[in-house]
Amino acid sequence: MTHMVKTLVYTPLAYTLAILMATNATVAMAATAKTTTKTTTTKTTTAKPATQTTATKKTTVTKAKTPKKSTEKPADTVSNSVKDTTPQTTTPSATSNTGSMIVPVLTAPTVANVIYPSTNSVQLVGTDISAQNLANIPLPTLTLSNLSTIKTVLVPRTTDNSTQLDVSVLDDFITYATPMARHYPPVFSSRTERYNTTERLKSLTAWIETYAQNPNASYEVLLRAAKLNAMGRNLDLGSDYAVRAGNYIARAVRLNDTAEANFLYGAMLAEGGGFKEGAKYLEKAEKMGYLEATQSLAQADLLDDKKDRAIQRLTEFKAKNPDNPYIDEQLRIVNSGKYYIWDIPAKVVQ
């Protein structure tokens, strides 16, 4: 590293700052320069720090000596010792090395922005006032209780499995919101619950979007992006959610032809009006053992004015799955002349 060595000149402002920060300590600056040419730069050894003196406003300049045969030239070491005649309020508690400069670390109360540890590129920026001891500023107190944990879930970010993505929080939200917003119409117990769910869904959808847009996005990323956007469509957040949901689930099916991917694709198509096209994927998912596909096929039949076929499907489904929490309510909805089997009371949602 090459440094330009300049003459140190104390201006009134610099002298004032020196008094505030020095507090009977010596600020030693030692610059080293590496020889690159014979005319413009020099290579020096670091000079020893100057010793503390009691002189007031005195500047001492000392040159380090080198052997005569050496091709190196010594750099000037400037030592400035200033005695502060004002009462001390803050004393340096430590020093830190910044390049070749030793800077005192002060313990005076300050307010500074703190960037907390980031997770998946999400940063929380705030002001740390917990240890500031600021006058006339009340400090908040916080008590935590009923702590819970969620399982860490890591999935491949791309198809080449080169990196992994932590989707723990996202999966926890999907598990929570699926019973309420997986199908249309969504069912919530209160407006507050719907509002909070919607706001969280917007945030998580924006987060996963960065990874799902990648042409090499993995099946796991695409499947989660499709689930979130499909719920956004059911919550009437705009046509963009419907378009993204369809694109992502279509890409997911091409990467991995699973029962869940076929079910999601079929349900999106059928509930969006594409009954025949959606039924193809739903029937495939049903053959692969995805139970919910049968209920979605009944929904498609009902919307396609095939009420008798819908009742038959649901009746056969109940015989095979008597403990299903929704089947009784769905049969009641169909028999009462309604058209949306997922429009069940919030108290039934699990």
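This text goes with the structure placed above it.
The notes below deal with the structure included here. Because the structure is predicted, anything quoted here is derived from the model rather than measured.

## Side note on the overall build of the protein chain
Along its length, the protein chain carries ten helices and nine strands. By element, 54% of the accessible surface of the protein chain is carried by carbon and sulfur atoms, the whole surface being about 22400 Å².

## Let's talk about helix α2 (residues 168-181)
When the terminal C-alpha atoms of α2 are compared, their 19 Å separation across 14 residues agrees well with the 20 Å that a helix rising 1.5 Å per residue should span. The largest bend in α2 amounts to roughly 30 degrees and is located at T175, with the proline P179 lying one to four residues further along. Of the positions making up α2, those classed as buried are S168, L170, D171, F173, I174, A177, M180 and A181. On its buried face, α2 is in contact with β9 (164-166), α3 (191-212) and α4 (219-234).

## A closer look at the environment of I327
Note that I327 resides in helix α10 (residues 327-335). Residue I327 is classed as buried on the basis of its relative accessible area, which comes to 0%. Taking the C-alpha atoms as reference, I327 lies 7.0 Å from L314; in sequence the two are 13 residues apart.

## A few points about the environment of Y265
Of note, Y265 is situated in helix α6 (residues 259-271). For Y265, a relative accessible area of 17% translates into the label buried. Remark: the alpha-carbon pair of Y265 and A226, spanning 39 residues in sequence, is separated by 9.0 Å.

## A few points about unusual backbone geometry
Following Y184, the chain continues to P185 via a peptide bond in cis, the omega torsion being 0 degrees. Along the chain, P185 turns up in the loop between α2 and α3. The phi dihedral of N161 is positive, around 60 degrees, even though this residue is not glycine. By relative accessible area, N161 is classed as exposed at 53%. Positive phi is not limited to glycine here, since D305 has a value of about 60 degrees. When you line up the elements, D305 lands in the loop between α8 (292-303) and α9 (307-320). For D305, a relative accessible area of 63% translates into the label exposed.

Reading the values: rules and limits
Note on numbering: residues in each chain are counted from 1, in written sequence order. Selection of residues for local features in this predicted model requires a pLDDT of at least 70, selection of side-chain atom pairs for listing and counting requires 80 or more, and totals for whole chains, interfaces and linings are taken over all residues. Hydrogens are left out, water is left out, and the side-chain values use all remaining heavy atoms of the structure. Secondary structure elements are taken from DSSP: a helix is a run of H or I of four residues or more, a strand is a run of E of two residues or more, and numbering for both begins at the N terminus. What sets the accessible areas is the Shrake-Rupley method with a 1.4 Å probe; for residues, cover comes only from the shown protein chains. Expected span of a helix, by definition, is 1.5 Å for each gap between consecutive residues, and there is one gap fewer than residues. At any given residue, the bend is defined as the angle formed between two axes, one fitted to the seven residues that end at that position and one fitted to the seven that begin there. Under the scheme applied here, a residue whose accessible area is under 20% of the maximum for its type counts as buried, over 50% as exposed, and between as partly exposed, the area being computed with a 1.4 Å probe on protein chains only. Between two residues, a contact is recorded if the distance between any of their heavy atoms is within 4.5 Å.

Everything listed here is a matter of geometry and, on its own, says nothing about what the molecule does.
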